[in-house]
Amino acid sequence: MAIVDLILRPGTADDAAECGRICYEAFAGIAEEHAFPPDIPNPDVGVALIEGALTHPGFYSVVAEIDGRIVGSNFLDERSAVVGVGPVTVDPTVQNAGVGRGLMLDVMERADERGAPGIRLLQSGYHNRSFSLYASLGFAHRATMACMQGPPILRAVPGYEVREATDADLGACNDVCRRVHGVDRGGEVADALKQGTARVVERAGRVTGYATDLAFFAHAVGESAPDLQALIAAAPQFGGPGILVPASDSVLLKWCLSHGLKVVQLMSLMTIGLYHRPDGAYLPSILY
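Residues numbered from 1 in each chain as written. Predicted model: local features only at pLDDT ≥ 70, side-chain atom pairs only at ≥ 80, totals over all residues. Heavy atoms only, no water.

### Considerations on the overall build of the protein chain
Next, step 1: Of the regular secondary structure elements, the protein chain holds eight helices and 14 strands.
Next, step 2: Counting only C-alpha atoms and orienting by the principal axes, one finds that the protein chain spans roughly 60 × 40 × 30 Å.
Next, step 3: Within the protein chain, the proportion of its 288 residues that are buried is 53%.
Next, step 4: Long-range contacts, defined here as pairs at least 24 residues apart, represent 72% of the contacts in the protein chain between residues at least 6 apart.
Next, step 5: The positive charge centre, built from 22 side chains, and the negative charge centre, built from 33, are 8 Å apart in the protein chain. (Helix = DSSP H or I, 4+ residues; strand = E, 2+ residues; numbered from the N terminus. Buried < 20%, exposed > 50% of the residue type's maximum accessible area, 1.4 Å probe, protein only. Contact = heavy atoms within 4.5 Å. Lys, Arg positive; Asp, Glu negative; His and termini not counted. Charge placed at Lys NZ, Arg CZ, Asp CG, Glu CD.)

And the structure:
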């Protein structure tokens, strides 16, 4: 039954606690139903995640209310030309009643208003309801991702040098991303440079790939699978639920498995608008 008194409004920092609680409970409830580990391990992580998105100038936020009570939220990562959706979460007490659709339509309208050439998101493969919602809204399934986690590999790949990225590498990182994806993600790289998590890989003295981090909310791009192997092998850990490896990249997937990483879950990359089949190797973030 659809809810008719739904009010959507911009999010503020004051919404972090309640939206963070809902974020945790929504993801935990769905994961538990399907016997998977939750993407958000505890309420504090949910609050920190939502607070970060609510206060970051590169994110658009929308909060859903019913009778003055917050029942969900959604976000749009606007740091680069192509925008990423999420996390979209709805209070378990009002799920399957149109709140999620309302939150999605709001961010899609926002993307259209700002002239974004494309919108992307990832969703858990076991969550059939969210897949059906996104498909009904026009999102096309593009690729299946294997979320992988395990102990750090901590080894070098011969011929590939991994180092901390500097501000001077931003242009080279954007060039690599444009060669692989047709667009760059410079806003995210700039943030990673400020946070000190960005790494580049060089081959014969030339930047051939980069990672904003090796984590669930980070992405990586390389001209070839060995570029990403070098970045993954040098990572001290894999943040959050893990890294997202395209299941169709059998070389990279097999290499990760042979080095101790295990598949936690499968996820769907879905898009509307501009999309180029990647010409190279990549790891998307959970946003895209």
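### Some thoughts on unusual backbone geometry
Next, step 1: Geometrically, the link from Gly86 to Pro87 is a cis peptide bond, its omega value of 0° lying close to zero.
Next, step 2: One can find Pro87 in the loop between strand E4 (83–85) and strand E5 (89–90).
Next, step 3: You will see that Ala35, though not glycine, has its phi angle at about 60°, which is positive.
Next, step 4: Exposure remark for Ala35: the relative accessible area of 72% places this residue in the exposed category.
Next, step 5: Positive phi outside glycine occurs at Ala204, with the angle close to 55°.
Next, step 6: On the secondary structure map, Ala204 appears in the loop between strand E9 (199–203) and strand E10 (206–211).
Next, step 7: Overall, Ala204 belongs to the exposed group, its relative accessible area being 83%.

### Details of the pairing of E9
Next, step 1: Looking at chain direction, strand E8 (residues 161–164) and E9 are connected through four bridges and run antiparallel. Note that in E9 the partner of Glu164 across the bridge is Arg199.
Next, step 2: Relative to E10, E9 runs antiparallel, the two sharing five bridges. If you follow Val200 over to E10, its bridge partner there is Tyr210. (Pairing = 2+ DSSP bridges.)

### Some details on the pattern of salt bridges
Next, step 1: Taken as a whole and judged by the stated rule, the model has 19 salt bridges.
Next, step 2: One salt bridge connects Glu25 with Arg21, and the closest N-O pair in it is separated by 2.7 Å. In this pair, Glu25 and Arg21 both sit in helix H1 (residues 16–33), four residues apart, roughly one turn of the helix.
Next, step 3: Within the structure, one salt-bridge network assembled from shared partners comprises Glu18, Arg21, Glu25, Arg69 and Asp91. (Salt bridge = Lys/Arg side-chain N within 4 Å of Asp/Glu carboxyl O.)

### A short note on helix H7 (residues 225–234)
Next, step 1: Within H7, eight of the 10 residues are buried, which leaves it mostly tucked inside the rest of the structure.
Next, step 2: Inspection of H7 places Ala225, Asp227, Leu228, Gln229, Ala230, Leu231, Ile232 and Ala233 among the buried residues, and these make up the whole buried set.

### What about helix H2 (residues 43–55)?
Turn by turn, an α-helix covers 3.6 residues, leaving residues three or four places apart pointing in a common direction.
Next, step 1: Relative to the 18 Å expected for 13 residues at 1.5 Å per residue, H2 spans 18 Å between its end C-alpha atoms, a close match to the ideal helical length.
Next, step 2: Against the buried residues of H2 lie H1, strand E2 (59–66) and strand E3 (69–77).
Next, step 3: Where H2 begins, the capping side chain belongs to Asn42, and its oxygen is found 3.1 Å from the backbone nitrogen of Asp44. (Expected span 1.5 Å × (residues − 1). Polar contact = N/O pair within 3.5 Å; in protein donor to acceptor, adjacent residues only side chain to side chain.)

### A closer look at the packing of aromatic side chains
Next, step 1: Applying the stated criterion across every chain, the model contains three aromatic pairs.
Next, step 2: Taking 4.4 Å as the distance between ring centres and 15° as the angle between the ring planes, the aromatic pair formed by Phe36 and Tyr126 counts as stacked. Here Phe36 is found in the loop between H1 and H2, whereas its partner Tyr126 is found in the loop between strand E6 (118–124) and helix H4 (128–136), with 90 residues between them in sequence.
Next, step 3: Overall, Phe36 belongs to the partly exposed group, its relative accessible area being 30%.
Next, step 4: Exposure remark for Tyr126: the relative accessible area of 13% places this residue in the buried category.
Next, step 5: Relative to Phe139, the ring of Tyr134 has its centre 6.1 Å away and its plane inclined at 65°; by these criteria the two rings are edge-to-face.
Next, step 6: One Lys or Arg, Arg185, reaches over the ring of Tyr288 and ends 3.7 Å from the middle of that ring. (Phe/Tyr/Trp six-rings, centres within 6.5 Å; stacked < 30°, edge-to-face > 60°. Lys NZ or Arg CZ within 6 Å of the ring centre and 35° of its normal.)

### Notes on the sheet that holds strand E11 (residues 220–222)
Next, step 1: Reading across the sheet, the five strands line up as E8-E9-E10-E11-E14 and stay open at both edges, with antiparallel pairing between neighbours. Each edge of the open sheet carries a strand with a single partner, namely E8 and strand E14 (281–283). Sheet twist, expressed as the average angle between the axes of neighbouring strands with direction ignored, equals 25°. (Axes fitted to C-alpha atoms, helices over the stretch in contact; angles between N-to-C directions.)

Function cannot be read off these values alone, since they describe shape.
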